[in-house]
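# Chains, contacts and geometry: an overview
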Amino acid sequence: MEKQKSSGEEDGSLETGLLHTWKGYSYSTTPERVLLSRPVLQAALGARHGVLLVEGGQVYSFGELPWKQNQATSVATEPVLEAVLSEQRVVFVAAGSAHSGVVTEDGGVHMWGDNSHGQCGLLGLSVIPNPTPVGVVDSETTPSQSVKILEMACGDQHTLALSTKHEVWAWGSGCQLGLNTSTFPVWKPQKVECLAGKHVLQVDCGASHSLALVRCPPSPQESRKPLVDKCGHCHQLLYTMTDKEDHVIISDGHHCPLGVEVDSAEAKSDPDQGSLSKQGRNSPESSTFSQITKSLTSSTNPASTTPPSSTPATECQHQSLASSQEPGEPAMKDSGGLGGPAINGEVCVEASETTTLEPDCCKASGLKSSPYPDEQAVKAYLKRLSDHSLVEHSAKTSSTLHSAQLSSDPAVCFPSEPFIPVAQSVTPMGSALNNLVASCASAVGERVASTYEALSLRKVIGYWVPGEGRERVEERLLLEEPMQGKKSSSLGDIREEEAELSRRLSLPGLLSQVSPRLLRRTSRTRGRPVPLTSGGISESDAHLPSLQTEVWSWGRGQEGQLGHGDLLPRPQPVCIKSLNGKEVLRVAAGASHSLALTTQSQVFSWGCNTSGQLGHMESPTNFPHLTKLSEGIRVWDIGAGQQHTLLLADGDCIQPILYYSGKQVKEEPEQTAEEQTGKYTQQPVLLPFCMNLGYVSSVCTGGQTCAALADRNVMGFKSSLHELAAAERKYYCKLSNIKNLLLQPLLKLDSLSSALGQSSGLLQNLIGRLGRLSQLTGQNSASLTSFLRRSRDIRGLVLLDDAHLFLDTYSEYCSAVGDFLVMGGFQALVKPCQDVFGKGAEVVQRLSECSEEGLALADILAHLFYLPIKHLHEYGRLLLKLATCYDMSSVDYQKLQDACSKYESMALHLKRRRKEAEYTLHFWKSFPGKMTDSLRKASRRLVCESSNKALTLQNAGRFSVNWFMLFNDALVHAQGMVPYKSFFSTHHVFPLATLWVEPISEDNTGLYGLKLTSPEESFTLLASSSAEKAKWLRSINQAVEQALSGLGHDGIPPSTGLTQRADPPISRTASYTFYKDSRLKEATYEGRWVSGKPHGRGVVKWPDGRMYTGAFKNGLEEGFGDYVVPNKNQNTCDHYQGQWKDGKMHGFGTFRYASGEVYEGSFQDNMRHGHGMLRSGKLNSTSPSVFIGQWQYDKKSGYGVFDDITRGEKYMGMWSDDQRQGNGVVVTQFGLYYEGAFSNNKMMGTGVLLSEDDTTFEGEFSEDWTLNGKGVLTMPNGDYIEGSFNGVWGTGLKISGSYYKPSLYDSDKDKTHSLKLGRLAVHSEEKWKAVFVECWDRLGCDSPGQGETSTAWDNIAIALTVNRRQQQDSPELLSRSHHKTLESLEFIPQHVGPVTLEVYHTIRRYLVKACDTPLHPLGRLVETLVSVYRMTYVGVGANRRLLPQAVNEIQSYLSRIFQLVRFLFPDLPDEGGSLAEPRKEKTDTDTTGKLLESPKPGCVVSSSALLLPVLLPRLYPPLFTLYALDKEKEDDVYWECVIRLNKQPDLALLAFLGVQQKFWPVTVTLHGEKQQVLSSTKDACFASAVETLQQISTTFTPSDKLQVIQLTFEEITQEVLALLKQDFLWSMDDLFPVFLFVVLRARIRNLGSEVSLIEDLMDPCVQHGEHGIMFTTLKACYYQIQHEKVT
């Protein structure tokens, strides 16, 4: 090529993207540089041509281009621009044997070159000269959508494309397409259905085969990814389980000698049946058959898609089945499966079979939230499944629990793969499973491993049962699970079951599916578990590449290039199982060989090896083997050509090196003898010229050519980046070695668990954390490798973007190592290590890289496990090196600098933590006495201790020895006697979270003292010097601060950016269990503290089940709290919610007793005291009795109302000592009414008794309803008997006395006699005193009216604030309007001087709002009064004889509330007083204007005008009912008359009532039209006045009702004025008949009750004004109507 020159020459123009090409590997080979003006981003090589993508998205071709018609020769010696693509921005290029393709930025595909087999995807043309768009269309969607492509690959006769949805599309010819078709060529791109729903990461094409790298689907139930493990020899994931008497030994299974992974010892049973026969399992002959059916089984195998962790698990299980065979037999891995006919040596699978188990597996990792993207397919699939368990299985995707093979007593059980630290709970499983796991924890380890799922529960138990031979377990497996209808290999079956079991175990109804017998058997304990690796970091958080990958291959396999252990073709993609768990990062397909690059920088190769292109001489080559590379060579990019392989690797220096294996290409005639003999390589050889190329970032091969893309090391940036990536790759290999060479052999040791004792759980945790660290490192290494290929700057560097992830993982790992160290774990590991690795344990020595001579093995082990901490320094160093490539003012420099300091400070922090752990271990070794066992904890670290007598207890006894040890979670005080220094008799542990320390000033005493306070003790420590005092003070404060921040174990990691405070806060949140305090003994308090006392919100739980939740003050309950006391007898709880003071119930609260009673009211000193209501009865709906009233010291005392619902009686009167005592009233549901004296809970003394028919007895009583003594019995007709009575009312009475029949003239005397009701009832002023006293108390007054107004307002403000704060905890209680009310109440009405009308209105508005919310003391008072009033006068209390008392009670409320209002507003005039006149004249006229409507109470202050509008609407229903009952007879007479008179038309009625004719309306307006009043017109005259009057029933207060009457008069006047068209004045004679007409037409049902209510509660100052006259008129109308006679 003219425009190419040898790589030795320098070309200054370009610094990145330099492309070098060459052929072969001889010393004389010199790469040539392809000269282009722009950097090359990617190169692709075909058999004889190449395609280049340069910066800017342009594409060049070079080499032999026979499809270019316009060129003179078809060979382009220099790169030719593909001008057709100049409009497009290309992002990816690919080259096949003789065709090329590109992907554009918008996901489009363009192809050109040879199309004779349809490989360009364009119909009808055999050659495509220039790039032409190819449509990739998904016809399954409606409407059809074009598919966006990410990248593509080209073979000889086919092309593959990877879509943005990570699905594969294929076109061209041959079975390498993987499509369900035998018709070729396929012109139109079609989806490879077998990989649909999988997440494909990369595709590559060989000449006649295809490879795909697929990400294993994550389990939906598992956020943390598991990490895959390797066997130490062939790096394959195989363990076998062998039965050894009563336990199972798990050992490494090896199938490299076979070279082929014999996929299944196929059962020769009916293909549809799929059940396994015992013979098929164990017979050697079946293995040959398995080779033929291999392709079929794997192609329909769902297993290949199950989550990564289950793969190792199931392989183990198959190995375990196989391992019990005869010694000479080869181990059969997969058992059971499906036999099928072989067609021409090539097994083709029908589509129907493929899909039988496909929907589940192929679509498991869809992008939608549903586990399956294609719901239809799933439904169809479910229908086809006959096995119910499979239906359960497919309802959710498989949960990836990790495999824990179980072994028994001294046994070690190690999950083959992932496992997780004990601290983490992993899968959300049903409680039944949790119990199962707990009971088997000793055998199963922390994680419920996938053995669980792999075998349905019974099988798991089969593995656990001691003494049962392997054969019997196998038999049971065979007999119990006939796998009907499952067309797949047994690996698939067991995978199915494993998923199915996890499903079962996670279902709530687990126990119903597992027999108790099985559960009993599973609960036998076993030896402790030790796992091996952990689930990794959740990848979604970290934007890290997945390590859980599988390699799938399909196409022709005659050279073994498919890697399935045979030479058969595969028309459908099949998973190469031996690569599962190998963490493959990249695949490459040569003409007839294949390569896979792993995260551990190893290369597996398989296929044609005629030229040594596999890099090893192993056979057979139809199975992946490792390429032979010398130790320390880590490969990170691969290329596969026609007969050669190119590897890009890390060597000893930073610059990458190249290795070549395969055919030597002869170009020059004169060859030396040496070169001619070496026609091909036996193993990869180093290309000597690679150091001249610069920093190679990627390689590619094609035909016989090799190409490398290199960058120059500008500013040292590239070398730093390469060094970082190489360091990470090296480090990951190191971690893998630790796991493979050290941990795996150790974990197979039987005696490990017994040797470690209690530390085995810690080792489990340690290995789990190491696994997570290793996983993260592997992912970062993979990320950095891909970063090298594409990156020009540091954007997207995971170490920077997700630094927190690395720092947290390292911190957790360091804690795990420290815990293991502190508990002497490394010492315990020494013997097992010597047992496994021999006395010197050279493996450990070698791995630990320890340079010191003569170290103990325990120290070497500790050194080894602390190695990763050093790697943090490496991160810091390399990031700093990268930073130096940037300008110091740039953002990138700052970013790198920050990250560097984070890693460095974390490294120092972890180093400090290591020292603490070592110091603590040393301390425990030398610690005297038996206290070690109780005090030694894994997470506990020693901060300092006083063995040097630096700290002593003040006032200690002469012979006592005190020793103080400060740990990171507690201060321990040990005491002993002088002669026995090594024996401390007692010790006490003070948790740091509840420890307060303060220095005592040295001025007066000269002593260096520290005062320590804990919840139940406080003591003084004396230090020997001020320096010691300062040291201990600082240490204790620091330790307390860390304990409080939750970082007690780790200290404050630098990454959090937290700074250490000088002193921990006095107020803090902590938990503490009391051991002394008599009241709180053994109770646990959790909540806020201040200086050693609970203070603030908290929870106390007593061992007997009592629990208090609420506020504390100085160690005692104070404020609002919730207290529950279990009641053993009732089997429920007493429950108090309310106010507390000084540790006792005090204030308002609700107590729900276990008996079903509920008390709501005031408490004092844990007793009911004050006003309260007690409901008795099991259910609220049928509460047999309710008491509301006053309590004193837990007894009813004072006025109260008792409603005995079962007897239908209500008592309203005085109480003393829980008994009725004093005056009272009883009413019954049968209408009886008694008022009089009570004594000892009985009617005793003078009383009055009335029955429903007005029969009255007045005299002496001795028992309830029992007359005994003198009295008068009056009949309803007035007759009465006077004398001595004896007997129970309602039964026969014994009477001795005189009978009187009064004459007519005595009737007046009788009336006065009967009106004396209420004399013997409790006076209304005496009622509900407690309610008012409590209100005064809330305002801060000891007795009514005594106290400071300002104090009262302060208390109101406090009450509102406190109540609002409480309500904020449950905001749903407050409506928006309520919030506004509360806000407006924050403003107190202010005024100076006498109260004017304006101020009066302000006060009135304030009162309305205050009474509107129960959070205000006045509102609380009103609410309580309303409830007691309703309680009294509703139900049985609705007795007409109670009306006078009900009215008096309201009036007493008014006067008593008015007293409160005058206390709050002292300037307000007294009842009946006048308001001050306003000063300004303007307001003067306003006021008089307002008062023209007089005599409304404008100027006079009255309690009813101020308070009735607030009170009466709430009390109206019970009150009006009483009025209606009282006026019932009169109202009936009135109503009958109203009904009768209303039958008359308007004019007739006007005439009848004597209305003067001049007032008769002539026309009326009806519906907006004027109409003549005819003799038949009805309900039309004075209609507006009638409507107005009807509103009297909708108002509550007398003043509102009077207002309605006034408006009615005005309406009448308006109408008459319109009629007469002149002014006139009413005379009562004219007005009365008209008004009477309106009243009749208004048809007000209870007019008598309305009239009486107005009369009783009318404001006295209104009675003689205009309103008074109008009211009198209405009253007169009422009486007139009653006595009206229709003539």
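This text follows the structure it describes.
Residues numbered from 1 in each chain as written. Predicted model: local features only at pLDDT ≥ 70, side-chain atom pairs only at ≥ 80, totals over all residues. Heavy atoms only, no water.

### Observations regarding the overall build of the protein
From N to C terminus, the protein includes 45 helices and 62 strands. The buried share of the protein, reckoned over its 1687 residues, is 56%. Taking all contacts inside the protein whose residues are at least 6 apart in sequence as the whole, residues at least 24 apart take part in 60%. Taken as a whole, the protein presents about 69700 Å² of accessible surface, with 52% of it coming from carbon and sulfur. (Helix = DSSP H or I, 4+ residues; strand = E, 2+ residues; numbered from the N terminus. Buried < 20%, exposed > 50% of the residue type's maximum accessible area, 1.4 Å probe, protein only. Contact = heavy atoms within 4.5 Å. Areas by Shrake-Rupley, 256 points an atom, 1.4 Å probe, with all protein chains shown as cover.)

### Quick look at unusual backbone geometry
Omega for the peptide link from T142 to P143 comes to -10 degrees, which places this bond in the cis form. Going from F184 to P185, the amide bond is cis rather than trans, its omega being -5 degrees. Structurally, the position occupied by P185 is in the loop between β16 (168-172) and β17 (186-191). One non-glycine residue, D1165, adopts positive backbone phi at about 50 degrees. For D1165, the location among the structural elements is in the loop between β49 (1158-1164) and β50 (1167-1176). Under the relative-accessibility criterion, D1165 is labelled partly exposed at 41%. You will see that D1218, though not glycine, has its phi angle at about 70 degrees, which is positive. Mapped onto the elements, D1218 comes out in the loop between β53 (1209-1216) and β54 (1219-1228). Take D1218: its relative accessible area is 30%, and that puts it in the partly exposed class.

### Section: the pairing of strand β32 (residues 695-702)
Of all eight residues making up β32, eight are buried, and the element is well covered by its neighbours. One ladder, built from seven bridges, connects β32 with strand β33 (residues 705-711); its direction is antiparallel. Pairing of V696 across the sheet is with A710, part of β33. Hairpin connection of β32 to β33: two residues between the antiparallel strands, including G703 at a positive phi of 60 degrees. (Pairing = 2+ DSSP bridges.)

### Some remarks on the sheet that holds strand β26 (residues 603-607)
Strand order in the open sheet formed by four strands is β24-β25-β26-β27, with antiparallel pairing between adjacent strands. The sheet is open, and its two edges are formed by β24 (584-589) and β27 (625-626), each paired on a single side. Sheet analysis places strand β25 (residues 593-598) next to β26, joined by five bridges and oriented antiparallel. The partner of A596 across the bridge, within β26, is F604.

### Describing helix α22 (residues 803-822)
Its 20 residues give α22 an end-to-end C-alpha distance of 28 Å, which sits within 8% of 28 Å, the value for a rise of 1.5 Å per residue. Most of α22 is tucked away, with 17 of its 20 residues classed as buried. (Expected span 1.5 Å × (residues − 1).)

### Overview of the environment of S815
In this structure, S815 sits in helix α22. Sequence separation between S815 and S939 is 124 residues, and the spatial gap between their C-alpha atoms is 7.9 Å.

### Side note on the packing of aromatic side chains
Summed over all chains, the structure comprises 50 aromatic pairs. Measuring from centroid to centroid gives 5.0 Å for Y1085 and W1089, while their planes differ by 90 degrees, and the two rings are edge-to-face. With a centroid separation of 4.9 Å and 85 degrees between ring planes, the pair formed by Y1199 and W1328 is classed as edge-to-face. Remark: W1328 occurs in the loop between α30 (1307-1314) and α31 (1329-1338) and Y1199 occurs in strand β52 (residues 1195-1204); sequence separation between them is 129 residues. Take Y1199 and W1328: they sit in the same class, and that class is buried. One residue, R1106, lies across the ring of W1102, its end atom 4.4 Å from the ring centre. (Phe/Tyr/Trp six-rings, centres within 6.5 Å; stacked < 30°, edge-to-face > 60°. Lys NZ or Arg CZ within 6 Å of the ring centre and 35° of its normal.)

### Points about the pattern of salt bridges
Under the counting rule described, the total for this entry stands at 37 salt bridges. With its nearest N and O atoms 3.8 Å apart, the salt bridge here joins K1076 to E1017. A residue pair is termed long-range when its members are at least 10 positions apart, and K1076 in the loop between β42 (1067-1073) and β43 (1084-1090) and E1017 in the loop between β40 (1008-1013) and β41 (1018-1023) qualify at 59 residues. Looking at K1076, the relative accessible area reads 48%, which means it is partly exposed. Judged by relative accessible area, E1017 falls into the partly exposed class, the value being 24%. A salt bridge links K1327 to E1449; its shortest N-O distance comes to 3.2 Å. Taken together, the positions of K1327 in the loop between α30 and α31 and E1449 in helix α36 (residues 1443-1464) put the pair 122 residues apart, joining distant regions of the chain. Across the pair, E1449 and K1327 agree in class, each one buried. (Salt bridge = Lys/Arg side-chain N within 4 Å of Asp/Glu carboxyl O.)

### Quick look at the nonpolar core
Judged by nonpolar contacts, the single largest core of 122 residues is most densely connected at L742, F826, V844, F865 and Y903. Among all residues touching V844, those that are not within four sequence positions of it are L742, C833, F837, L857, I860, L861 and L864. Counting 76 residues, the second-largest nonpolar core is a separate cluster that includes V1186, L1421, V1461 and L1475. (Core = buried A, V, L, I, M, F, W, Y, C linked by side-chain atoms within 4.5 Å.)

### Some remarks on α36
Between its first and last C-alpha atoms α36 spans 32 Å; for 22 residues at 1.5 Å apiece the expected length is 32 Å, and the two agree. Of all 22 residues in α36, 16 are buried; the element is thus mostly enclosed.

### Things to note about the sheet that holds strand β9 (residues 99-104)
Overall, antiparallel pairing links the four strands, which are arranged β8-β9-β10-β11 in an open sheet. The sheet is open, and its two edges are formed by β8 (90-95) and β11 (127-134), each paired on a single side. Direction aside, neighbouring strands of the sheet carry axes that sit 15 degrees apart on average. Here strand β10 (residues 109-114) runs beside β11; their pairing, made up of five bridges, is antiparallel. Paired with D114 across the two strands is V127, which belongs to β11. (Axes fitted to C-alpha atoms, helices over the stretch in contact; angles between N-to-C directions.)

### Re the packing of helix α25 (residues 857-865) against helix α26 (residues 867-883)
The description of two packed helices rests on the angle between their axes and on the distance between the axes. Interhelical geometry of α25 versus α26 gives an angle of 35 degrees and a closest axis separation of 4 Å. In this structure, α25 uses H863, L864 and F865 to contact α26, whose residues at the interface are L867, P868 and K870. Here the residues of the contact of α25 with α26 are counted per class, giving four nonpolar, one polar and one charged. (Nonpolar A, V, L, I, M, F, W, Y, C, P; charged D, E, K, R; others polar.)

### Section: the packing of α31 against α36
The contact between α31 and α36 brings their axes to 12 Å, and the two run at 10 degrees. Classified by the interaxial angle, the pair formed by α31 and α36 is roughly parallel. Contacts between α31 and α36 involve K1329, F1332, C1335 and W1336 from the former and Y1453, R1456, I1457, Q1459, L1460 and F1463 from the latter. Considering only residue class, the contact of α31 with α36 consists of seven nonpolar, one polar and two charged. (Parallel < 35°, antiparallel > 145°, perpendicular 65-115°, else oblique.)

### Focus on the side chain of H722
Mapped onto the elements of the fold, H722 is located in helix α18 (residues 717-747). According to the relative accessible area criterion, H722 is buried, its value standing at 2%. Excluding its chain neighbours within four sequence positions, the residues that come into contact with H722 are W636, I654, P656, Y695, V696 and L788.

### Comments concerning the state of the cysteines
As enumerated under the stated definition, the model contains zero disulfides in all. Between C154, a free cysteine, and C205, which holds the nearest cysteine sulfur, the sulfur-to-sulfur gap is 6.6 Å. Overall, C154 belongs to the buried group, its relative accessible area being 7%. Of the cysteine sulfurs around C706, a residue in no disulfide, the closest is that of C700, at 8.8 Å. Exposure remark for C706: the relative accessible area of 0% places this residue in the buried category. (Disulfide = S-S within 2.5 Å.)

### Some thoughts on the pairing of strand β56 (residues 1242-1250)
Bridge analysis of strand β55 (residues 1233-1239) against β56 gives six bridges, and the strand direction is antiparallel. Its bridge partner lying in β56, S1239 is registered against K1242. Linkage of β55 to β56, two consecutive antiparallel strands, is achieved through a turn of two residues, within which N1240 is found at a positive phi near 50 degrees. Inspection of the sheet shows β56 paired to strand β57 (residues 1256-1263) by six bridges, in the antiparallel sense. Bridge pairing in β57 links G1247 to G1259. Where β56 folds back on β57, the antiparallel hairpin that results is connected by five residues, among which D1254 adopts a positive phi of roughly 75 degrees.

### Section: the environment of E1615
Residue placement: E1615 occurs in helix α42 (residues 1598-1620). Separated by 31 residues in the primary sequence, E1615 and S1584 have C-alpha atoms spaced 8.9 Å apart. Aside from chain neighbours lying at most four places away, what touches E1615 is P1561, C1581, F1582, A1583 and S1584.

Treat this as a map of the structure, not an account of what it does.
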